[in-house]
Amino acid sequence: MQAGAVAGLTNIKNPIDAAIAVMEHSPHVFLIGKGAEEFAVTHGMDTVPQSYFFNEYRYQEHLEGLSEDKTKFGTVGAVAIDRNGNIAAGTSTGRMNNKRFGRVGDVPVIGAGTYAENGIGGLSATGHGEYFIRNVATYDIAAQVKYGNETLDEAGYNTLMKKLKSQGGDGGVIGLDSQGGVVIYFNTVAMPRGYINSK
Ligand code: ASP
């Protein structure tokens with residue numbers, strides 16, 4: 001139930017570290033833009049020129065998207081649980097393709113793209129962020145477990161494969177339930193994914 005998030009950064013090398021710093025070293029949850037960058041630098045984060053993030057493959061995808069209305073995603077997420085049942089989830093993204101300048105997606109919105117609660121589960125999402133925000137998707141999954149006695153697996157299915165799918169909300173989610181059970185759902189063609197345990 002601790003949370004930290006940042007958005008609208010341009011020069012911080014590893015924004016996920018800035019999100020953790022917000023959680024651990026500020027009374028706030030969510031910092032954006034210049035204030036977030038300043039906070040990150042104050043807490044020792046490395047900065048890089050924007051060219052550091054340039055990627056020819058992604059740039060070509062962007063150009064294609066301008067003419068073909070193709071939505072592509074580019075998010076990485078992780079969920080972990082320790083032997084005491086402490087659950088953490090993290091999500092980082094540069095993009096949904098062809099978004100408007102200033103647009104913030106679901107990733108840093110706690111409960112939309114990222115959520116963790118001990119005893120319930122941890123979740124990290126990828127996909128068309130607007131749908132994940134409107135549906136408060138990762139919290140929607142957790143809430144079904146908390147108040148509706150669903151398993152995290154059933155709840156993940158309900159939210160991704162029924163609710164979001166019926167709205168045209170493309171995406172996927174990875175999660176761990178309170179016992180470390182792996183939950184993976186996506187209503188897209190593919191979603192690279194994996195899991196590992198102590199064995
Ligand atoms: N969910 C992200 C967003 O809407 C995109 C992604 O998953 O790649 O910004």
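Coordinates for the structure precede this section.
Colleague: Describe the overall build of the chain, and please don't skip the residues or the numbers.
Modeller: A count of helical and extended segments in the chain gives six helices and eight strands. Element order for the chain, N to C, with α for helix and β for strand: β-α-β-α-α-β-β-β-β-α-α-α-β-β. Taking 2.2 N^0.38 as the reference for a compact globule, 199 residues should give roughly 16 Å; the C-alpha atoms of the chain span a radius of gyration of 17 Å, in line with that estimate. Oriented by its inertia axes, the alpha-carbon framework of the chain measures out at about 45 × 45 × 35 Å. For the chain, the proportion of its 199 residues judged to be buried stands at 38%. As presented, the chain carries roughly 11600 Å² of accessible surface, and 52% of it is formed by carbon and sulfur atoms.

Colleague: Can you tell me about the site of the ligand, naming the residues and giving the values?
Modeller: If you check the shell around the ligand, you find twelve residues, and the closest are Gly-74, Thr-75, Arg-103, Asp-106 and Thr-126. The separation between an oxygen atom of the ligand and a polar main-chain atom of Gly-129 is 2.9 Å. Isolated, the ligand exposes 270 Å² of accessible area, and the fraction of that covered by the protein chains is 99%. Within the residue set of the shell around the ligand, elements represented by two or more residues are β3 (73-81), β4 (87-96) and β6 (121-127). The residue inventory of the shell around the ligand, partitioned by class, reads two nonpolar, seven polar and three charged.

Colleague: Tell me what's going on with the pattern of salt bridges, and back it up with residues and numbers.
Modeller: Where side chains of opposite charge bring their charged atoms close, a pairing between them can arise. Summed over all chains, the structure comprises four salt bridges. Here Arg-103 makes a salt bridge to Glu-130, at a shortest N to O gap of 2.8 Å. With Arg-103 in the loop between β4 and β5 (114-117) and Glu-130 in helix α4 (residues 129-134), this pair connects stretches of sequence that are 27 residues apart. When its relative accessible area of 24% is taken as the criterion, Glu-130 is described as partly exposed. Note that Lys-163 and Asp-140 form a salt bridge whose closest N and O atoms lie 3.1 Å from each other. Taken together, the residues span a long stretch of sequence, with Lys-163 in helix α6 (residues 152-167) and Asp-140 in helix α5 (residues 137-148) at a distance of 23 residues. Using a relative accessible area of 32% as the deciding quantity, one classes Lys-163 as partly exposed.

Colleague: Outline the side chain of Thr-91, supporting the account with residue identities and numerical values.
Modeller: By secondary structure assignment, the location of Thr-91 is in strand β4. Of note is the side chain of Thr-91, whose polar atom sits 2.7 Å from the side chain of Thr-114. Within the structure, Thr-91 has its side chain in polar contact with the side chain of Ser-124 (distance 2.7 Å). The contacts of Thr-91, once residues within four sequence positions are left out, are Ile-16, Thr-75, Val-76, Gly-77, Val-107, Gly-113, Thr-114, Ser-124 and Ala-125.

Colleague: Please set out unusual backbone geometry residue by residue, giving values where relevant.
Modeller: Backbone geometry at Val-136 places phi at a positive 40 degrees, although glycine is not the residue there. Mapped onto the fold, Val-136 is located in the loop between α4 and α5. If you check the backbone angles, Asn-149 has positive phi at about 60 degrees while not being a glycine. Mapped onto the elements, Asn-149 comes out in the loop between α5 and α6.

Colleague: Please give an account of the pairing of β6 that cites residues and values.
Modeller: The buried fraction of β6 amounts to seven of the seven residues, a majority that puts the element mostly inside the structure. Every second residue of β6 is oriented toward a common face, with Gly-121, Leu-123, Ala-125 and Gly-127 on one face and Gly-122, Ser-124 and Thr-126 on the other, all of them buried. Across four bridges, the pairing between β5 and β6 is antiparallel. Each residue of the ladder has a partner; that of Glu-117, found in β6, is Gly-121. What sits between β5 and β6 in their antiparallel hairpin is a turn of three residues, with Gly-119 showing a positive phi close to 85 degrees. When β6 meets strand β7 (residues 171-177), the two strands line up antiparallel, connected through seven bridges. Among the inter-strand pairings, Leu-123 is bridged to a residue of β7, identified as Gly-175.

Colleague: Go over the packing of aromatic side chains with me, naming the residues and quoting the values.
Modeller: Two aromatic rings, taken as a pair, are described by how far apart their centres are and by the angle between their planes. This structure, assessed with the given rule, holds four aromatic pairs. Relative to Phe-53, the ring of Tyr-52 lies with its centre 5.2 Å away and its plane at 90 degrees, an arrangement referred to as edge-to-face. On the numbers, 5.2 Å between centres and 80 degrees between planes, the contact of Tyr-115 with Tyr-139 is edge-to-face. In this pair, Tyr-115 sits in strand β5 while Tyr-139 sits in helix α5, placing the two residues 24 residues apart along the sequence.

Cut-offs and rules
- Residues numbered from 1 in each chain as written.
- Predicted model: local features only at pLDDT ≥ 70, side-chain atom pairs only at ≥ 80, totals over all residues.
- Heavy atoms only, no water.
- Helix = DSSP H or I, 4+ residues; strand = E, 2+ residues; numbered from the N terminus.
- Rg over C-alpha atoms; globule rule 2.2 N^0.38 Å.
- Buried < 20%, exposed > 50% of the residue type's maximum accessible area, 1.4 Å probe, protein only.
- Areas by Shrake-Rupley, 256 points an atom, 1.4 Å probe, with all protein chains shown as cover.
- Near = heavy atom within 4 Å.
- Polar contact = N/O pair within 3.5 Å; in protein donor to acceptor, adjacent residues only side chain to side chain.
- Nonpolar A, V, L, I, M, F, W, Y, C, P; charged D, E, K, R; others polar.
- Salt bridge = Lys/Arg side-chain N within 4 Å of Asp/Glu carboxyl O.
- Contact = heavy atoms within 4.5 Å.
- Pairing = 2+ DSSP bridges.
- Phe/Tyr/Trp six-rings, centres within 6.5 Å; stacked < 30°, edge-to-face > 60°.

Limitation: the analysis is restricted to geometry and does not speak to function.
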